[in-house]
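# Fold and geometry: a report
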Amino acid sequence: MNRLRVYVDTSVIGGCLDDEFREESQKLLDRARAGEVVLVVSEVTEVELATAPVEVRAVLENLPRSAVERVELTEEARTLAGEYIAAGVIPPKMLADARHIGVATVNRVDVLASWNFKHIVNLKRVHGYNSINLREGYPLLEIRSPRELTNDGEQE
C-alpha cells in the first residue's frame, strides 16, 4: 500500500510548538513516524526554517529519514507559482506561499497541509490555484489543515 504523500509547509512544522496548533501538528508528524504517511518538504520550507528558532528547526531534523521526502523548487514550480500571482490568486508579496502550492502541484502530492488560512487553506484561493492547475495540465491539488488529516474520520 502506498503511503499518503502530504506536503507540509512551515506552519505545520512550527505548529508543533504553538499552543493553538500543537496537538494536530504533532498527530500528523506522529503518523509520519509510524509510516502511515510521508511528509513532503521542499526547498521553500527549508529556506523558511533556516531563519526559524532552533526548536522549530529541530522538529523536522528529528524526524526519521523514512518519514520525509525532500523535493526541489524547480523552474517548472517557479513558473506555476508565477501563474498564480499573474492571475491574481495570491498577491506578489506572498511568493513563498505561491511556491509551496507550485512545488506541491508539480510533485503531484496527495494533499498539502497548512495552517495558513489566509493564503493557502482558503476556499476561494484553492479554487483559483486549481483553476490554474487544470489550465496548465496539472491535476487538482487537495489543500487541508492538519486537523482534517488527523481526525481519522471520528465525529467530535
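All values reported here derive from a predicted model rather than from experimental measurement.

## With respect to unusual backbone geometry
The backbone phi angle of arginine 108 is positive, close to 50 degrees, even though this residue is not glycine. Mapped onto the secondary structure, arginine 108 falls in the loop between helix H6 (95–106) and strand S4 (111–113).

## Section: the packing of aromatic side chains
Within this structure, the stated rule accounts for three aromatic pairs. Judged by centre distance (6.1 Å) and plane angle (70 degrees), the ring pair of tryptophan 115 and phenylalanine 117 falls under edge-to-face. Using a relative accessible area of 6% as the deciding quantity, one classes tryptophan 115 as buried. A residue is classified by how much of its surface remains accessible, and phenylalanine 117, at 39% relative accessible area, is partly exposed. Three or more aromatic residues joined by ring pairs make a cluster, and in this case those are Phe21, Trp115 and Phe117.

## Quick word on the side chain of asparagine 133
Structurally, asparagine 133 can be placed in helix H7 (residues 123–135). Those residues in contact with asparagine 133, other than ones at most four positions away along the chain, are Leu80, Tyr84, Thr105, Tyr138, Pro139 and Leu141.

## Focus: the packing of helix H5 (residues 75–86) against H6
Between H5 and H6, the least distance of the axes is 8 Å, while the angle of their chain directions is 125 degrees. Considering their axes alone, H5 and H6 lie oblique with respect to each other. Viewed along their axes, H5 and H6 form a crossing whose handedness is right-handed. In this structure, H5 contributes Glu76, Ala77, Arg78, Leu80, Ala81, Tyr84 and Ile85 to the contact, and H6 contributes Leu95, Ala98, Arg99, Ile101, Gly102, Val103, Thr105 and Val106.

## A word on the packing of helix H3 (residues 43–50) against H6
For the pair H3 and H6, interaxial distance at closest approach is 9 Å and the crossing angle is 145 degrees. Contacts between H3 and H6 involve Val44, Thr45 and Glu48 from the first element and Ala96, Arg99, His100 and Val103 from the second. Taken together, the residues of the contact of H3 with H6 break down into three nonpolar, two polar and two charged.

## Considering the pattern of salt bridges
The tally for this structure, following the rule as stated, stands at 10 salt bridges. Notably, a salt bridge pairs arginine 5 with glutamate 69, separated by 2.9 Å at the nearest N-O pair. With arginine 5 in strand S1 (residues 4–8) and glutamate 69 in strand S3 (residues 68–71), this residue pair connects regions lying 64 residues apart in the sequence. Glutamate 69 gets classed as partly exposed once you look at its relative accessible area, which sits at 27%. Shared partners join several salt bridges into a network, and the residues in it are Glu83, Arg135 and Glu136.

## A look at the side chain of threonine 45
Of note, threonine 45 is situated in helix H3. The class for threonine 45 is buried, based on a relative accessible area of 0%. Side-chain polar atoms of threonine 45 contact the backbone oxygen of valine 8, separated by 3.4 Å. If we ignore the near neighbours within four places in the chain, the residues touching threonine 45 are Tyr7, Val8, Asp9, Thr10 and His100.

## Quick notes on the nonpolar core
Counting 28 residues, the largest nonpolar core has Tyr7, Tyr84, Ile101, Leu112 and Ile143 as the members making the most contacts within it. If you list the elements that add at least two residues to this core, you get H5, H6 and H7. Setting aside residues up to four positions removed in sequence, leucine 112 forms contacts with Tyr7, His100, Ile101, Ala104, Ile120, Leu141, Glu142, Ile143 and Arg144. Within the second largest apolar cluster, 24 residues are counted, among which are Val8, Leu60, Leu63 and Val111.

Rules behind the numbers
Residues numbered from 1 in each chain as written. Predicted model: local features only at pLDDT ≥ 70, side-chain atom pairs only at ≥ 80, totals over all residues. Heavy atoms only, no water. Helix = DSSP H or I, 4+ residues; strand = E, 2+ residues; numbered from the N terminus. Phe/Tyr/Trp six-rings, centres within 6.5 Å; stacked < 30°, edge-to-face > 60°. Buried < 20%, exposed > 50% of the residue type's maximum accessible area, 1.4 Å probe, protein only. Contact = heavy atoms within 4.5 Å. Axes fitted to C-alpha atoms, helices over the stretch in contact; angles between N-to-C directions. Parallel < 35°, antiparallel > 145°, perpendicular 65-115°, else oblique. Left-handed = near helix turned anticlockwise from the far one by under 90°. Nonpolar A, V, L, I, M, F, W, Y, C, P; charged D, E, K, R; others polar. Salt bridge = Lys/Arg side-chain N within 4 Å of Asp/Glu carboxyl O. Polar contact = N/O pair within 3.5 Å; in protein donor to acceptor, adjacent residues only side chain to side chain. Core = buried A, V, L, I, M, F, W, Y, C linked by side-chain atoms within 4.5 Å.

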